[in-house]
Amino acid sequence: MKFRLIAIAASVSLLVGCPDNDNNGDTTQTTRSYTVTVKNLTPNQPLSPLAVLAHNDQYRLFSVGEAASDGLEILAESGDNSSVLAEKETNTNVGYSFSGTGVVLPGNSDTITFTIDPTQASLISVASMLVNTNDGFVGETQLDLTSLAVGASLNMNMAVWDSGTENNDESAASIPGPAAGGEGFNSARDDNNRVSFHAGVISLDDGLATSVLNATHRFLNPGARLSITRTE
Ligand SMILES: [Ca+2]
Ligand SMILES: [Ca+2]
């Protein structure tokens, strides 16, 4: 009995504290609007233009421990988000795709604003390459927006992943970002072919003789900050 009283008191305070709660699960509302902001937290790793997909729960942009899709391989090696965005056309589980406005420099952020039909897509995935790496990217997948009330935000740190599709040799020939201007995408998968937590770059300063990178290109997780706000 005492537990039940506490539970009731808690639910009452929740209702008082969240007047917008009525918007949750409102089946009469046909669209919902969001802003998605990614802030680059690294010292010297520009982020490639953001890719954002809105989809149902049958889709994942990537799975840790499993092979990257061809689209993610291209994004993670070259920064080109077009193949990931094209999954809207080729995968019936993806309802919407949105691109960022351009490269996101260290300390800067980019914001994408969009409106979606929650019956078509209630989860989102976000990805962007750290361009001074072989195949490093920040990414989140299957973020469920269903319970996000109007005015509420979801904030999280974005881990840096290794797409597992290119060897991390850090050579000038293989780093596409401003540190080198080397090759972007190569269809060879000369790494372990599994998405994993990125071990970080070594750099010439830390003893990798073939590396075109220096200590400023190093990063420790997280690589970016993600904020999602529901506006309508
Ligand atoms: Ca790699
Ligand atoms: Ca490759």
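From a predicted model like this one, the values you see are computed outputs, not experimental measurements.

Draft legend 1. Structural context of the sheet that holds strand β4 (residues 109-116). Spatially, the 4 strands line up as an open sheet ordered β4-β1-β10-β7, and their pairing is antiparallel. The sheet terminates laterally at β4 and β7 (153-158), the two strands that pair on one side only. Across the sheet, the mean angle from the axis of one strand to that of its neighbour is 15 degrees, orientation sign disregarded. As judged from the 7 bridges shared by strand β1 (residues 32-40) and strand β10 (residues 224-230), these two strands associate in the antiparallel manner. Within β10, the position partnered with V38 by the bridge is L226.

Draft legend 2. Broad picture of the nonpolar core. Membership of the largest hydrophobic core comes to 40 residues, with the highest contact counts inside it found for L75 and A127. A127 has contacts with A51, L61, L72, L75, V84, F137, V138 and G139, leaving out every residue within four places of it along the chain.

Draft legend 3. Representation of the pairing of β10 within the structure. Sheet topology places β7 next to β10; 6 bridges connect them, and they run antiparallel. Looking at β10, one finds that L154 is bridged to I228.

Draft legend 4. Looking closely at the sheet that holds strand β8 (residues 160-162). Spatial strand order, β3-β2-β5-β6-β8-β9: 6 strands in an open sheet with antiparallel pairing. Each edge of the open sheet carries a strand with a single partner, namely β3 (94-99) and β9 (196-197). Here strand β5 (residues 123-129) pairs with strand β6 (residues 136-144) via 6 bridges, running antiparallel. What sits directly across from V126, in β6, is E140. Packed onto the sheet, helix α2 (residues 70-78) meets β2 (51-55), β5 and β6 and runs at close to 40 degrees relative to β5.

Here is what the cut-offs are and how they apply
Residues numbered from 1 in each chain as written. Chains lettered and ligands numbered in written order. Predicted model: local features only at pLDDT ≥ 70, side-chain atom pairs only at ≥ 80, totals over all residues. Pairing = 2+ DSSP bridges. Helix = DSSP H or I, 4+ residues; strand = E, 2+ residues; numbered from the N terminus. Axes fitted to C-alpha atoms, helices over the stretch in contact; angles between N-to-C directions. Core = buried A, V, L, I, M, F, W, Y, C linked by C-beta atoms within 7 Å. Buried ≥ 20, exposed ≤ 12 C-beta atoms within 10 Å, placed from the backbone. Contact = placed C-beta atoms within 7 Å.

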